[in-house]
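Residue strings, one per chain:
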Amino acid sequence: MRLTTDAALDAGLAGLSERDPAGFSALWTVGGRPALRHGAVGFAGLAATILGQQVSTASAAAMLGRLSAAIQPLAPATLLKADEATLRNCGLSVAKMATLRRVATAAMDGTLPLDRLAAMPAAEAHRRLVALKGIGPWTADVFLLFCQGEPDAFPAGDLALQEAYRLVFGGARRPDAARLTALAERWRPWRGVAAYLLWACYRARRGAGASMPPPAT
């Protein structure tokens, strides 16, 4: 089941409440019902996720707007035709340019079959993504969750998720990615739903303007 509809979200919430009643209750009490995010599929969604690496939501949205206006359609073939000056004028760093070109090339030669990722087991899709330089676990998981609707994707390296876990469940320091990954094992196969709940908790505790990954739209 893909996490793309309210019915799927309801199933995931029910699954979490069965697997971890106390944890689910704590998350629900703080954050309430989360709203789903729907990102673009395929190359456009992955490009947007890459633009969101280590920048603010506003910066990522601005870059994406400029890139989408300069390269139409935003697809592997058109991206590879764009010169460096065009990409630089969109606000892209050298590293982001290189990653986007690497992804576009892999999509074109079949190394990264973006049109088939949704049909793959989640672990295989994740492996294909992180095999490309410039795509780390956070990028892969955010793309799989928002753009592919993978219900068990869990970006444990996301600072908002780490801080939300600390705020809800206590602790002097927020858990790092490895620790949060271990803590989230009890939520399989609905870790993506748990991520949505944690983001909702973060926003509830830190305010409506609190950051979460930029929308890959």
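Quantities reported herein were computed from a predicted structural model and do not represent experimental measurements.

Asks: Just checking my understanding: could you explain the overall build of the protein chain for this structure?
Replies: Within the protein chain, the regular secondary structure consists of 12 helices and 0 strands. Of the regular secondary structure in the protein chain, the N- to C-terminal order runs α-α-α-α-α-α-α-α-α-α-α-α. For the protein chain, the C-alpha radius of gyration of 17 Å lies close to 17 Å, the compact-globule estimate for 217 residues. Principal-axis analysis of the C-alpha atoms gives the protein chain an extent of 55 × 35 × 30 Å. Residues classed as buried in the protein chain amount to 49% of the 217 residues present. When the accessible surface of the protein chain is summed, it comes to about 9,800 Å², and 55% of that surface belongs to carbon and sulfur atoms.

Asks: How should I be thinking about the packing of helix H1 (residues 6–19) against helix H12 (residues 191–206) in this particular structure?
Replies: The relative placement of two packed helices comes down to the angle between their axes together with the axis-to-axis distance. At their nearest, the axes of H1 and H12 sit 9 Å apart, and the two run at 90° to each other. Classed by the angle they form, the pair H1 and H12 counts as roughly perpendicular. On the side of H1, the interface is formed by Leu9, Gly12, Leu13 and Leu16, while H12 contributes Val193, Ala194 and Leu197. Along the lines of polarity and charge, the residues of the contact of H1 with H12 split into 6 nonpolar, 1 polar and no charged.

Asks: What is the right way to read the packing of aromatic side chains from this model?
Replies: Two descriptors summarise a pair of aromatic rings, namely the distance from one centre to the other and the angle between the planes of the rings. Summed over the entire model, instances satisfying the criterion amount to 8 aromatic pairs. Geometrically, the ring pair formed by Tyr196 and Trp199 is edge-to-face, given 6.3 Å between the ring centres and 80° between the ring planes. With Tyr196 and Trp199 both in helix H12 and 3 residues apart, the pair spans about one turn of that helix. The burial state of Tyr196 is the same as that of Trp199; both residues are buried. The ring of Phe146 carries Arg37 above its face, with NZ or CZ at 4.8 Å from the centroid. Lying across the ring of Phe169, Arg186 places its NZ or CZ 5.6 Å from the centre.

Asks: What is the right way to look at the pattern of salt bridges in this model?
Replies: A side chain of one charge can pair with a side chain of the opposite charge if their charged atoms are brought near each other. On inspection of all chains with the given rule, the structure shows 12 salt bridges. Ionic pairing is found between Asp20 and Arg186, a salt bridge with its closest N-O pair at 2.8 Å. Residue Asp20 is found in the loop between H1 and helix H2 (21–31), and its partner Arg186 is found in the loop between helix H11 (177–183) and H12; the two are separated by 166 residues along the sequence. A relative accessible area of 31% means that Arg186 is categorised as partly exposed. Between Arg206 and Glu163 there is a salt bridge; the shortest N-O distance is 2.6 Å. Of this pair, Arg206 sits in helix H12 while Glu163 sits in helix H10 (residues 159–169), and the two are 43 residues apart along the sequence.

Asks: So what exactly am I meant to see when it comes to the nonpolar core here?
Replies: A general tendency of soluble globular proteins is for nonpolar side chains to be buried together. Counting 67 residues, the largest nonpolar core has Leu46, Leu112, Leu129, Phe154 and Trp187 as its most contacted members. If near-sequence neighbours (up to four positions away) are discounted, Trp187 is found in contact with Leu16, Asp20, Leu27, Phe154, Tyr165, Phe169, Ala194 and Leu198.

Here is what the cut-offs are and how they apply
- Residues numbered from 1 in each chain as written.
- Predicted model: local features only at pLDDT ≥ 70, side-chain atom pairs only at ≥ 80, totals over all residues.
- Heavy atoms only, no water.
- Helix = DSSP H or I, 4+ residues; strand = E, 2+ residues; numbered from the N terminus.
- Rg over C-alpha atoms; globule rule 2.2 N^0.38 Å.
- Buried < 20%, exposed > 50% of the residue type's maximum accessible area, 1.4 Å probe, protein only.
- Areas by Shrake-Rupley, 256 points an atom, 1.4 Å probe, with all protein chains shown as cover.
- Axes fitted to C-alpha atoms, helices over the stretch in contact; angles between N-to-C directions.
- Parallel < 35°, antiparallel > 145°, perpendicular 65-115°, else oblique.
- Contact = heavy atoms within 4.5 Å.
- Nonpolar A, V, L, I, M, F, W, Y, C, P; charged D, E, K, R; others polar.
- Phe/Tyr/Trp six-rings, centres within 6.5 Å; stacked < 30°, edge-to-face > 60°.
- Lys NZ or Arg CZ within 6 Å of the ring centre and 35° of its normal.
- Salt bridge = Lys/Arg side-chain N within 4 Å of Asp/Glu carboxyl O.
- Core = buried A, V, L, I, M, F, W, Y, C linked by side-chain atoms within 4.5 Å.

These results come straight from atomic positions and should not be treated as a statement about function.
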